[in-house]
Amino acid sequence: MKIGVLASNPNLYSNRRIMEAGEERGHEMVFLNIKHCYMKMDAENPEVHYRGGKVLNDLDAIIPRIRPSMTFYGCALTRQFESMGVYCLNTAGAITQSRDKLHSLQLLFESKIDIPITGFANSPLETDDLINMVGGAPLIIKLLEGTQGKGVVLAETKKAAESVINAFKSLKADILVQEFIKEANGKDIRCFVVDGKVVASIQREAEPGEFRANIHQGGTASLIIPTSDEKKIAIKAAKAMGLKVAGVDIIRSAKGPLLLEVNSSPGLEGIEGATGKDVAGLMIQAIEKKLKWVVKV
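Residues numbered from 1 in each chain as written. Predicted model: local features only at pLDDT ≥ 70, side-chain atom pairs only at ≥ 80, totals over all residues. Heavy atoms only, no water.

Chemist: Give me the overall build of the protein chain: which residues, what numbers.
Modeler: Counting its regular elements, the protein chain contains nine helices and 16 strands. Here the protein chain has a C-alpha radius of gyration of 20 Å; the compact-globule value for 297 residues is 19 Å, and the two agree. Each principal axis of the C-alpha atoms in the protein chain carries an extent, and together these give about 60 × 40 × 35 Å. Scored against the burial criterion, the 297 residues of the protein chain give a buried share of 49%. At a minimum sequence separation of 6, the contacts of the protein chain that also span at least 24 residues come to 66%. Carbon and sulfur atoms provide 52% of the accessible area of the protein chain, an area that totals close to 14,500 Å². (Helix = DSSP H or I, 4+ residues; strand = E, 2+ residues; numbered from the N terminus. Rg over C-alpha atoms; globule rule 2.2 N^0.38 Å. Buried < 20%, exposed > 50% of the residue type's maximum accessible area, 1.4 Å probe, protein only. Contact = heavy atoms within 4.5 Å. Areas by Shrake-Rupley, 256 points an atom, 1.4 Å probe, with all protein chains shown as cover.)

Chemist: Which residues make up the side chain of Asn90, and what values do they have?
Modeler: Here Asn90 is to be found in the loop between strand E7 (87-88) and helix H3 (92-99). Residue classification places Asn90 among the buried positions, given a relative accessible area of 2%. Here Val245 takes part through its backbone oxygen, which lies 2.9 Å from a polar atom of the side chain of Asn90. Excluding residues within four positions of it along the chain, Asn90 makes contact with Pro64, Thr78, Ile95, Leu243, Lys244, Val245 and Ser264. (Polar contact = N/O pair within 3.5 Å; in protein donor to acceptor, adjacent residues only side chain to side chain.)

Chemist: With reference to specific residues and values, describe the pattern of salt bridges.
Modeler: Within this structure, the stated rule accounts for 16 salt bridges. We note a salt bridge from Asp188 to Arg204, for which the minimum N-O separation is 2.9 Å. A residue pair is termed long-range when its members are at least 10 positions apart, and Asp188 in strand E12 (residues 187-194) and Arg204 in strand E13 (residues 197-205) qualify at 16 residues. Of the two residues, Asp188 and Arg204, neither departs from the other in class, the shared state being buried. It is possible to trace a salt-bridge network through shared partners that takes in Arg17, Glu20, Glu272 and Asp278. (Salt bridge = Lys/Arg side-chain N within 4 Å of Asp/Glu carboxyl O.)

Chemist: Outline the environment of Gly256, listing residues and values.
Modeler: Topologically, Gly256 is positioned in strand E16 (residues 256-263). In the structure, Gly256 is positioned 26 residues away from Glu230 in sequence and 9.2 Å away in space, judged by C-alpha atoms.

Chemist: Break down H3 for me, with residues and values.
Modeler: Inspection of H3 places Ala92, Ala94, Ile95 and Ser98 among the buried residues, and these make up the whole buried set. Taken around the axis of H3, the buried residues stretch over an arc of 165 degrees, which confines them to a single face. Looking at the buried positions of H3, the neighbouring elements they touch are strand E6 (61-64), helix H2 (71-83), helix H4 (101-110), helix H7 (228-241) and E16. (Arc of directions from axis to C-beta.)

Chemist: How would you sum up the state of the cysteines? Please name residues and give values.
Modeler: Enumeration over the complete set of coordinates arrives at zero disulfides. With no disulfide of its own, Cys88 lies 10 Å from the sulfur of Cys75, the closest cysteine sulfur. Judged by its relative accessible area of 5%, Cys88 falls in the buried class. (Disulfide = S-S within 2.5 Å.)

Chemist: Can you break down the environment of Arg99 residue by residue, with the values?
Modeler: With respect to the helices, strands and loops of the structure, Arg99 is situated in helix H3. Once the C-alpha coordinates of Arg99 and Gly196 are considered, the two residues, 97 residues apart in sequence, prove to be 19 Å apart. In contact with Arg99, not counting residues within four places along its chain, are Ile66, Arg67, Pro68, Thr71, Ser264 and Ser265.

This is the structure:
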């Protein structure tokens, strides 16, 4: 098969591994820089062109690896490939709704998945009730546009929470306010879901003095075996988003496992390094299964 990796940086570990895994399984892998693609919208003959005028009309599948800053254009390109009959491992619709933090949380609780108590308000006049709604301080304040742990603040007192909320509101920024799960101790579980199965899991632990367990924020990764309940939550969450590939973040609370976030372009370096699993190869296998491709050994 000819498989395109639609992304921004060919040197990123995750993108390199996907390219390698596809080639190892005998496929022709093509890296497609999102910024170098452009579209011809035509009801009878939709096309995607690549820098220099090359028409991308012979691809069997696309693996979208869209960074948050490129969500709008990257999803437009993914939709275009879908309209051309190219199989996309994650669809544009699934990526779009998973990137909308508010919408994704609404989809999760509609699917009866437990999440930390979360509040959202447009007006700064509702700050006091918003803080009380999630159980008071300490609490977490999240920018709706934040990624990789950026735009996430722990407010340890009510006064600090009011200051941060009002500062964000004065900048016209949309925020979520969320209860702080102290007993998680700066740890979370990342379950990597491929095609409806949890294929690998790690525990991420924040560095001392930090509450965010993201690897990008200096967190460390170690092997962990999730409980059956945690696996069920991860699978259910990926399904609620419509994602074939997802990184699902869960924390352990006194109330049981709670879902934090669903990532449509989860990184591979931390999870492959800690587990030793060929997660990139499993992503390629999911495409083979969908397109009924038989790998000749």
